[in-house]
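Examination of the molecular architecture
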Amino acid sequence: MTNPTVIKLQDGNVMPQLGLGVWQASNEEVVSAIHKALEVGYRSIDTAAAYKNEDGVGKALADAALPRDELFITTKLWNDDQQRPHQALQDSLEKLQLDYVDLYLMHWPVPGKNHYVEAWKGMIELQKQGLAKSIGVCNFQVNHLQRLIDETGVTPVINQIELHPLMQQRQLHAWNATHKIQTESWSPLAQGGAGVFDQQVIRKLAEKYAKTPAQIVIRWHLDSGLVVIPKSVTASRIAENFAVWDFRLDKEELGEIAKLDQGKRLGPDPDTFGS
Ligand code: NDP
């Protein structure tokens, strides 16, 4: 089954709402994970130069030999490469064995170095050259986004940020939405720990729908209008995380999960990271 839900981005391209994340997976692990993911219906893969597994992603995609236009491949420009985006993307494409990526994201703003506007201008050129079909950012706060828009006139189509029930980022999500920037959730399962899965409301809904806590959390992202990329290298979990199309959470249930927000970051602070 192909991914039944797609999101239309501001530039007119479409993206699966649910994909596979591959951070902290080795080249070897991503090959088997992607084989399994494609078998159960995923078509979107989220990697990054910094994950050091683009070779494995490329190998898995070459093995699968699916039509290129059925896949949606994301990679990211690493912080040290903000002054050489063209070379960085060429290096990624070579490893991925692709002619273009569907989405190229700037990984962090690194505001202390003040290169992100220059990097964004380079990414705009990469899109014009057809090497990236869509371009966006990760971990951008409102002031960083506003600067990109003011200084280049080009709005990122995606802002990929840490977002899960314990860190819901409602203000940034709303700001993104008013600028037609699609919000994408990283660490959507709060990295799989008991912190989210053991919450009473998650357990109660899992029982009600005969689903696992992870499936409830993924459904919460989907029903909140977010793009979501849970990571797993475990075959059974890869399948489990994609088996979420046969139920929906209602408004009241979404409201109950909203109460879990603690504004608690698991990852670094984007205002200082990398500086
Ligand atoms: P997730 O919230 O997706 O959690 C992944 C962890 O949860 C892994 O340990 C995994 O274990 C476990 N897990 C997965 N499915 C289940 C399940 N059904 N039941 C129980 N445990 C489960 O964390 P990530 O931080 O990996 O975030 C997802 C993706 O977001 C990344 O892989 C990456 O692509 C992206 N990301 C982007 C960042 C950015 O700065 N732009 C930063 C961080 C992440 P196992 O693999 O062993 O099955």
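Each chain has its residues counted from 1, running along the sequence as written. In keeping with the model being predicted, local features are shown solely for residues with a pLDDT of at least 70 and side-chain atom pairs are shown and tallied solely at 80 or more, while totals for entire chains, interfaces and linings include all residues. Hydrogens and water molecules were not included; the side-chain quantities draw on all heavy atoms of the structure.

**Quick look at the site of the ligand**
- The local shell around the ligand holds 29 residues, among which Asp-46, Gln-160, Ser-187, Ser-232 and Thr-234 are the closest.
- Counting of polar contacts relies on pairs of N or O atoms within 3.5 Å, with two restrictions inside protein: one atom must be capable of donating a hydrogen and the other of accepting it, and residues adjacent in sequence are counted only when both atoms are side-chain atoms. A distance of 3.4 Å separates a nitrogen atom of the ligand from a polar atom in the side chain of Tyr-51.
- Each residue is assigned to one class: nonpolar for Ala, Val, Leu, Ile, Met, Phe, Trp, Tyr, Cys and Pro, charged for Asp, Glu, Lys and Arg, and polar for all the others, Gly among them. Here the residues of the shell around the ligand sort into 14 nonpolar, 10 polar and five charged. For this purpose, a residue is taken to be near a molecule or strand whenever a single non-hydrogen atom of the residue falls within 4 Å of it.

**With respect to the packing of helix H1 (residues 27-40) against helix H2 (residues 54-64)**
- A fitted line through C-alpha atoms serves as each axis, taken over the contacting stretch for helices, and the angle formed by two N-to-C directions is quoted from 0 to 180°. Runs of H or I in DSSP of at least four residues are treated as helices and runs of E of at least two as strands, each being numbered from the N terminus. Running from N to C, H1 and H2 point in directions that differ by 35°, and their axes come no closer than 8 Å. For the crossing formed where H1 meets H2, the hand is right-handed. Together, Asn-27, Val-30, Val-31, Ile-34, His-35 and Leu-38 of H1 and Glu-54, Asp-55, Gly-56, Val-57, Lys-59, Ala-60, Leu-61, Asp-63 and Ala-64 of H2 make up the contact between the two elements. Note on convention: near helix rotated counterclockwise from far helix by under a right angle means a left-handed crossing. Clockwise means right-handed. The contact rule is simple, with two residues in contact once any of their heavy atoms fall within 4.5 Å.

**Regarding the packing of helix H3 (residues 85-96) against helix H4 (residues 116-128)**
- The N-to-C vectors of H3 and H4 enclose an angle of 55°; their axes lie 9 Å apart at closest approach. Taken as axis vectors, H3 and H4 run oblique relative to one another. The residues of H4 that touch H3, namely those facing Pro-85, His-86 and Leu-89, are Ala-119, Gly-122, Met-123 and Leu-126.
- Across the contact of H3 with H4, the residue classes tally to five nonpolar, two polar and no charged. Just so you know how the angles are binned, under 35 degrees is roughly parallel, over 145 roughly antiparallel, 65 to 115 roughly perpendicular, and the rest oblique.

**As for the environment of Leu-9**
- Its location among the elements puts Leu-9 in the loop between strand E1 (6-8) and strand E2 (14-16).
- In sequence terms Leu-9 and Lys-180 are 171 residues apart; their C-alpha atoms lie 8.0 Å from each other.
- When neighbours within four sequence positions are excluded, Leu-9 is seen to be in contact with Met-15, Ser-134, Val-157, Ile-158 and Gln-182.

**Remarks on the sheet that holds strand E10 (residues 227-228)**
- Read from one edge to the other, the open sheet built from eight strands follows the order E3-E4-E5-E6-E7-E8-E9-E10, with strand pairing classed as parallel. Of all strands in the sheet, those with a lone pairing partner are strand E3 (20-21) and E10, marking the two edges.
- Sheet analysis places E3 next to strand E4 (residues 44-46), joined by two bridges and oriented parallel. Within the sheet, the bridge partner assigned to Gly-21 lies in E4 and is Asp-46. Between any two strands, at least two bridges found by DSSP are needed for them to pair.

**Notes on the packing of aromatic side chains**
- The aromatic pairing rule takes the rings of Phe, Tyr and Trp, using the six-membered ring of Trp, and pairs them if the centres are within 6.5 Å, calling planes under 30 degrees apart stacked, those over 60 edge-to-face and the rest tilted. Scanning all chains against the criterion turns up six aromatic pairs.
- A ring pair is formed by Tyr-116 and Phe-140, whose centres lie 5.4 Å apart and whose planes are at 85°; its orientation type is edge-to-face. Here Tyr-116 is found in helix H4, whereas its partner Phe-140 is found in the loop between strand E7 (132-138) and helix H5 (142-152), with 24 residues between them in sequence.
- Burial classes: relative accessible area under 20% of the type maximum marks a residue as buried, over 50% as exposed, and values in between as partly exposed (1.4 Å probe, protein chains only). Looking at Tyr-116, the relative accessible area reads 3%, which means it is buried.
- Among the aromatic residues, those joined into a cluster by ring pairs are Tyr-42, Phe-242 and Trp-245.
- A positively charged side chain is recorded as over a ring if its NZ (Lys) or CZ (Arg) lies within 6 Å of the ring centre. The angle to the ring normal must also be within 35 degrees. The ring of Tyr-100 is capped by Lys-133, whose NZ or CZ atom sits 4.5 Å from the centre of that ring.
- The ring of Tyr-116 has Arg-147 lying over it, and the distance from NZ or CZ to the ring centre is 5.2 Å.

**Section: the pattern of salt bridges**
- Between Lys or Arg on one side and Asp or Glu on the other, a salt bridge is scored when a side-chain nitrogen of the former is within 4 Å of a carboxyl oxygen of the latter. Inspection of every chain in the model, using the stated rule, returns 16 salt bridges.
- The shortest N-O distance in the salt bridge between Lys-128 and Glu-125 comes to 3.5 Å. Taken together, the positions of Lys-128 and Glu-125, both in helix H4 and three residues apart, correspond to about one turn of that helix.
- Judged by relative accessible area, which is 37%, Glu-125 ranks as partly exposed.
- For Arg-203, the salt bridge goes to Asp-198, with nearest N and O atoms at 2.9 Å.
- Three or more residues joined by partner-sharing salt bridges are found here, namely Asp-81, Arg-84 and Asp-91.

**Quick look at the nonpolar core**
- Nonpolar cores were defined as sets of buried Ala, Val, Leu, Ile, Met, Phe, Trp, Tyr and Cys residues, with membership established by side-chain atoms within 4.5 Å. Counting 72 residues, the largest nonpolar core has Leu-20, Ile-34, Tyr-104, Met-106 and Ile-257 as its most contacted members.
- In contact with Leu-20, other than residues within four places in its own chain, are Ala-33, Ile-34, Ala-37, Tyr-42, Ser-44, Ile-45, Asp-46, Ile-229, Pro-230, Ser-232 and Ile-238.
- Ile-7, Phe-72, Leu-103 and Leu-105 belong to the second-largest nonpolar core, a separate cluster that totals 10 residues.

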